[in-house]
Amino acid sequence: MTTYTALVEYRELFANLFRRDLQAKYRGSALGVLWTVANPVLLMGVYLLVFSVVLNSQFAHVDHFPLFLLVGLAAWTFFAAALQSSTRSMLDNANLIRKTRFPRQLVPLSVVGAHLVGFAVMLAGVLVLDAAVLPRVRATELLAIPLALLLVAFVAGLALVVASLNVLFRDIEFVVASALVPWFFLTPIIYSLSNVPGATAHAHVVAAIHWANPLSPAVEAIRAPLFRGELPFWGDALYLVVAAAAALALGAFVFRRVDDVIAVEV
């Protein structure tokens, strides 16, 4: 836990790194953090056009399909952007790491924090929109907040893993970038696991997409109270808790193994 208690012990340093990453992310931008909202909305429009109009896919026959997409895209956009940005965070801060002795785990965690601002804005917008359009979610949608925090913990742990490994193996950033494309389509963002054509005939494939992909239970758990207006399936919620704890533990383990050589390798 000392890997993460440094966030409290060095909170002023973390706050400075966070502000710097946030300012660098939106420097010179007219819309600033609103670009975080624009990206999922733009993707929603594209997928809505492709699956509803061009392909007339069964996926698009979900009630309020635009909101269905938006909930999944909000979680995915934060996950993908935070993970990919954090991969190079140690290398991008090589000068600071070489000159000053400080808890280096603050570097990738501050990057995740900068992306968390956009995720919070997006989530707040989805909460308001869903409450206005879907009366069924008004009693449950606030449950999405602690579930989203578990997703943040999961991303923070993974970010620490890839940032630490990328110091030693520079191929990691390319592996992450390449993996995100198939990972997107293997996550139930543009489709529902209960609405997959041939789900009965290929139940083992659907089960693999659901349980072998740690992001699938997270998306399903958040979507349940935020879109369907129901409590998340206990298996998805428990999976998310375990995945977040495991990612944080793995992040701390990997970081502590490479911490002594980070200043040399960057």
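A quick note: this is a predicted structure, and the numbers were derived from the prediction, not measured.

Rules behind the numbers
Residues numbered from 1 in each chain as written. Predicted model: local features only at pLDDT ≥ 70, side-chain atom pairs only at ≥ 80, totals over all residues. Heavy atoms only, no water. Core = buried A, V, L, I, M, F, W, Y, C linked by side-chain atoms within 4.5 Å. Buried < 20%, exposed > 50% of the residue type's maximum accessible area, 1.4 Å probe, protein only. Helix = DSSP H or I, 4+ residues; strand = E, 2+ residues; numbered from the N terminus. Contact = heavy atoms within 4.5 Å. 1 Å grid on protein atoms, 1.4 Å probe; cavity = no way out; pocket = protein on both sides within 12 Å on 5 of 7 lines; lining within 4 Å. Points joined across faces, edges and corners; volume = space filled by probe spheres on them. Nonpolar A, V, L, I, M, F, W, Y, C, P; charged D, E, K, R; others polar. Axes fitted to C-alpha atoms, helices over the stretch in contact; angles between N-to-C directions. Parallel < 35°, antiparallel > 145°, perpendicular 65-115°, else oblique. Left-handed = near helix turned anticlockwise from the far one by under 90°. pLDDT = per-residue confidence, 0-100. Polar contact = N/O pair within 3.5 Å; in protein donor to acceptor, adjacent residues only side chain to side chain.

**Concerning the nonpolar core**
By size, the foremost hydrophobic cluster in this structure holds 58 residues, and its most contacted members are Phe79, Leu151 and Phe154. Sorting the residues of this core by element identifies helix 3 (34–54), helix 4 (65–87), helix 7 (106–133), helix 8 (144–168), helix 9 (172–185), helix 10 (203–211), helix 11 (215–228) and helix 12 (234–265) as the ones contributing at least two each. Among the elements that take part in this core, helix 4 stands out by supplying 15 residues, more than any other. Apart from residues lying up to four places away in sequence, Leu151 is in contact with Ala75, Phe78, Phe119, Leu215, Ala218, Ile222 and Leu240.

**Examining the layout of surface pockets**
Of the pockets and cavities examined, the largest pocket occupies roughly 350 Å³. In this structure, the largest pocket is lined by 22 residues; those nearest its centre are Asn39, Leu43, Trp76, Thr77 and Ala80. Here the second largest pocket defines a volume of roughly 260 Å³. Along the walls of the second largest pocket sit 14 residues, with Asp21, Ala24, Ser85, Asp92 and Val111 positioned nearest its centre. Elements with a contribution of two residues or more to the lining of the second largest pocket: helix 2 (11–26), helix 5 (89–92) and helix 7. At five residues, helix 7 tops the list of elements feeding residues into the lining of the second largest pocket. Classifying every residue of the lining of the second largest pocket by side-chain character gives four nonpolar, five polar and five charged.

**Re the side chain of Ser164**
Here Ser164 shows up in helix 8. Contact partners of Ser164, with chain neighbours within four places excluded, come to Met90, Val254, Phe255 and Val258.

**Details of the packing of helix 8 against helix 12**
In the contact formed by helix 8 and helix 12, the axes pass within 7 Å of each other and the chain directions differ by 25°. The orientation of helix 8 with respect to helix 12, classified from their angle, is roughly parallel. Crossing of helix 8 against helix 12: the hand is left-handed. Here the residues of the contact of helix 8 with helix 12 are counted per class, giving 25 nonpolar, three polar and one charged.

**So, empty space enclosed by the protein**
A full pass over the atoms with the stated rule returns one cavity of 30 Å³ or more. Quantified by volume, the largest cavity comes out at close to 40 Å³. Elements supplying a minimum of two residues to the lining of the largest cavity: helix 4, helix 7 and helix 11.

**Examining the confidence of the model for the chain**
Overall, the predicted model of the chain reaches an average pLDDT of 88, with 90% of residues at or above 70. Of all the helices and strands in the chain, helix 3 carries the lowest mean pLDDT, 73, while helix 8 carries the highest, 96.

**Topic: the environment of Arg136**
Turning to its location among the elements, Arg136 is positioned in the loop between helix 7 and helix 8. For Arg136, a relative accessible area of 35% gives the class partly exposed. Once the C-alpha coordinates of Arg136 and Thr3 are considered, the two residues, 133 residues apart in sequence, prove to be 41 Å apart. With residues up to four places along the chain from it excluded, the contact list for Arg136 reads Asp63, His64, Phe227, Arg228 and Gly229. Polar contacts involving the side chain of Arg136 include one to the main-chain carbonyl oxygen of Phe227, which spans 3.0 Å.

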